[in-house]
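Structural overview for review
Take a look at the letters that make up each chain.
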Amino acid sequence: SDGTRVLIEAVVVDYSDGSLMPHWGGTALHLVNASTGAYVQACYNSTQDKGLWLQCRWSNTDPDEILYVEPGVVKLQKYVPSTNTFSVLKDFSGTYEDIDDTIGNGDGSQSLDDRYWAMRLQNGADWFIVCWDRTEDVVLCEIPIPTDMLSNGRGYGMSASGDYIWIGSPDAWVSDATNI
């Protein structure tokens, strides 16, 4: 309404009921009505003076829940569009020192029932692909990532059923991690 034009680029994010569509624009993720294209709102946290991070995943089961990881914060966080509220879903900082903040671009994902999550977390000098059970709030397994695979070999996620973690890599690598 102030005459400012904002270039908005499309972001591919899954959402559970198809009513809203996210777009990245400027300093925050924005939501538009998927049917009409009408602007709905910015996903902006005025308390922290920052917008929702581009790397996010819409819940598969709750159309009013967007989950994201903020750079430098070892927490899985939740945004509720209907109330424009932000909260911490899981704080991993007691066990892990860093979390990969790219859960929205082919890295990290959840099972279709939102119970099991695959995320990349760091403990000391070592990185792991971790399976977290949201229902029981427990890490089920850690798959060590070989040092030479940290800068490439990205692409991992939870299977739709939650039965396994898939790992995409330019080179095959072996791990002795426990099955889920």
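Each chain carries its own residue numbering, running from 1 in the written order of its sequence. Selection of residues for local features in this predicted model requires a pLDDT of at least 70, selection of side-chain atom pairs for listing and counting requires 80 or more, and totals for whole chains, interfaces and linings are taken over all residues. Only hydrogens and water are removed before side-chain values are computed, so all heavy atoms of the structure are retained for them.

Oppositely charged side chains are able to pair whenever their charged atoms sit close together. Any Lys or Arg side-chain nitrogen located within 4 Å of an Asp or Glu carboxyl oxygen qualifies as a salt bridge. Applying the stated rule across the entire model yields five salt bridges. A salt bridge links R115 to D133; the nearest nitrogen and oxygen atoms lie 2.9 Å apart. A residue pair is termed long-range when its members are at least 10 positions apart, and R115 in the loop between β11 (109-110) and β12 (116-123) and D133 in strand β13 (residues 126-133) qualify at 18 residues. Under the scheme applied here, a residue whose accessible area is under 20% of the maximum for its type counts as buried, over 50% as exposed, and between as partly exposed, the area being computed with a 1.4 Å probe on protein chains only. Since its relative accessible area comes to 25%, R115 is described here as partly exposed. A run of DSSP states H or I qualifies as a helix once it reaches four residues; a run of E qualifies as a strand once it reaches two. Both are numbered from the N-terminal end.

What follows deals with unusual backbone geometry. Its identity as a non-glycine residue notwithstanding, D114 has a phi of 65°, on the positive side. Residue position: D114 is located in the loop between β11 and β12. Unusually for a residue other than glycine, D137 sits at a positive phi of about 50°. Inspection of the secondary structure assignment puts D137 in the loop between β13 and β14 (138-144).

Another aspect to go through is the confidence of the model for the chain. What pLDDT expresses is the predictor's confidence in each residue, scored from 0 to 100. Predicted confidence across the chain gives a mean pLDDT of 75, with 67% of residues reaching 70 or more. Mean pLDDT in the chain bottoms out at strand β1 (residues 9-10), which sits at 37, and peaks at β14, which reaches 92. Residues are treated as being in contact if the distance between any of their heavy atoms lies within 4.5 Å. Scored below 50 in pLDDT, residues 1-14 makes 20 contacts in the model with residues more than four places away or belonging to other chains.

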